[in-house]
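Structural description and commentary
One-letter residues, chain by chain:
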Amino acid sequence: MSIERETLLEMYLRMNQARAFEEKVKWGFARGMIHGTTHLSIGQEASGVASCMALDEGDKASLSHRGHSAAIGFGVDLKKMMAELLGRANGYCKGKGGSMHIADIESGNLGANGIVGGGFSISVGAALTQQYQETGNVVLCFAGDGATNEGNFHESLNLASIWKLPVIFYIENNLYAMSNPLEKHMNITDIADRAASYGMPGVICDGNDVFDVYQTIQEAAKHCREGKGPVLVESKTYRWDGHSKSDAQAYRTMEERKEWMAKDPILRLRNHMIEEGIKTAEEVDAMDAKAKQDIEDAFEFAWNSPEPDVSTLTEDVYA
Ligand SMILES: Cc1ncc(C[n+]2csc(CCOP(=O)(O)OP(=O)(O)O)c2C)c(N)n1
């Protein structure tokens, strides 16, 4: 599989922006500049960025609680996203949602979601709209391995399958649901096997390899666009950090973490670009520096942005 040069370069930039974004978020949390909680996807950048970049104009995506890389892959405005995390009025949800509510319906970003598995039924509804309106667009539905044990997962796959809806159920299997390793919460190794129960294709991709992720999603989208119904894609990947910002990670070993860090998706793409002569090492360094600067600019913009006015406290929120 080859990816068009410009797309590949943009992908590399966005993966670096995603990494720098989350490093900055960690930094901001440690200093009490960011409140609430956050779930970092450091190590999962290829899975989030390349999958979204494989979509076409007009396609939709619903993101999970660990959605920063996917949002950046989908092409969010970095400043508005950082402003949302810092609780500022010019953030995506006017500063009232934070990390788990980066949504921009007009662009097709149906939103990150703090409800584990909540995106399944939202995606099925959005896919039904695409089918009914004959838009030719597909919906990419992000969720984690743990989320596939929820009733909503099974009902959504069943309905999407019998109605042949254009939805890709994209499961980022990072081996853990909070502190719970996969082998303790399901008796199968491959989540893709679950697709058979609903009569849809179940495909596995290497979530740390942009080429495999990109190709798998493009093929799944083609299947959907041909009216053949949904596809379940399992992306095998790993998060380097804890589940959320407070996690001692007593449930896994340093060896395991190191093993996965050696499969760094950004480093893999960097090495590929240099080996293939797409860019020189110096040029790639300059791209890395640009990504970091983009995030510094986003943070500065957010930090200097106003907080929502107290009079708007009950606007745009539901209870
Ligand atoms: C309905 C619901 N149940 C429980 C939680 C608490 N919770 C937040 S993240 C999480 C684990 C999710 O694991 P997984 O789906 O594998 O995604 P990952 O965090 O590994 O990306 C849980 C149980 C929640 N937010 N929503």
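The following refers to the structure shown. (Residues numbered from 1 in each chain as written. Predicted model: local features only at pLDDT ≥ 70, side-chain atom pairs only at ≥ 80, totals over all residues. Heavy atoms only, no water.)

**Some thoughts on the site of the ligand**
What counts is decided by this rule: Distances are taken per atom, and a residue is near a molecule or strand as soon as one of its heavy atoms is within 4 Å of it. Whenever two N or O atoms come within 3.5 Å, that pair is a polar contact, provided that in protein one can donate a hydrogen and the other can accept it, and provided that, for residues adjacent in sequence, both atoms are side-chain atoms. To be clear on the numbers: accessible area is Shrake-Rupley with a 1.4 Å probe, and residue cover counts the displayed protein chains and nothing else. For this classification, the nonpolar set comprises Ala, Val, Leu, Ile, Met, Phe, Trp, Tyr, Cys and Pro, the charged set comprises Asp, Glu, Lys and Arg, and every other residue, Gly included, is treated as polar.
His65, Arg66, Gly114, Gly146 and Tyr176 are the nearest of the 15 residues found near the ligand. Contact distances for the ligand include 2.8 Å between an oxygen atom and a side-chain N or O atom of His65. Here an oxygen atom of the ligand sits 3.0 Å away from a polar atom, N or O, in the main chain of Ala147. Calculation on the ligand without its partners gives an accessible area of 580 Å², and the protein chains cover 72% of this total. When the residues that make up the shell around the ligand are grouped by side-chain class, the tally is 6 nonpolar, 6 polar and 3 charged.

**Overview of the packing of helix α4 (residues 78-85) against helix α11 (residues 281-303)**
For any two helices packed against each other, one specifies the inter-axial angle together with the distance between the axes. To keep it simple, the criterion reads: Helix axes use the C-alpha atoms of the stretch in contact, all axes being lines fitted to C-alpha atoms, and the angles between their N-to-C directions lie in the range 0 to 180 degrees. Every helix listed is a DSSP run of H or I at least four residues long, and every strand listed is a run of E at least two residues long, numbered separately from the N terminus. Each angle is binned into one of four classes, with values under 35 degrees roughly parallel, values over 145 roughly antiparallel, values of 65 to 115 roughly perpendicular, and all other values oblique. Take the far helix as your reference; a near helix turned counterclockwise from it by less than a right angle gives a left-handed crossing, and one turned clockwise gives a right-handed crossing. Whether two residues touch is decided by their heavy atoms; if any such pair falls within 4.5 Å, the residues are in contact.
With their axes 8 Å apart at the nearest point, α4 and α11 run at an angle of 50° to one another. Classified by the interaxial angle, the pair formed by α4 and α11 is oblique. Judged by the twist between their axes, the crossing of α4 over α11 is right-handed. Between α4, through Leu78, Lys79, Met82 and Ala83, and α11, the contact on the second element is made entirely by Asp294, Ile295, Asp297, Ala298, Phe299, Phe301 and Ala302. Tallied by class, the residues present in the contact of α4 with α11 amount to 8 nonpolar, no polar and 3 charged.

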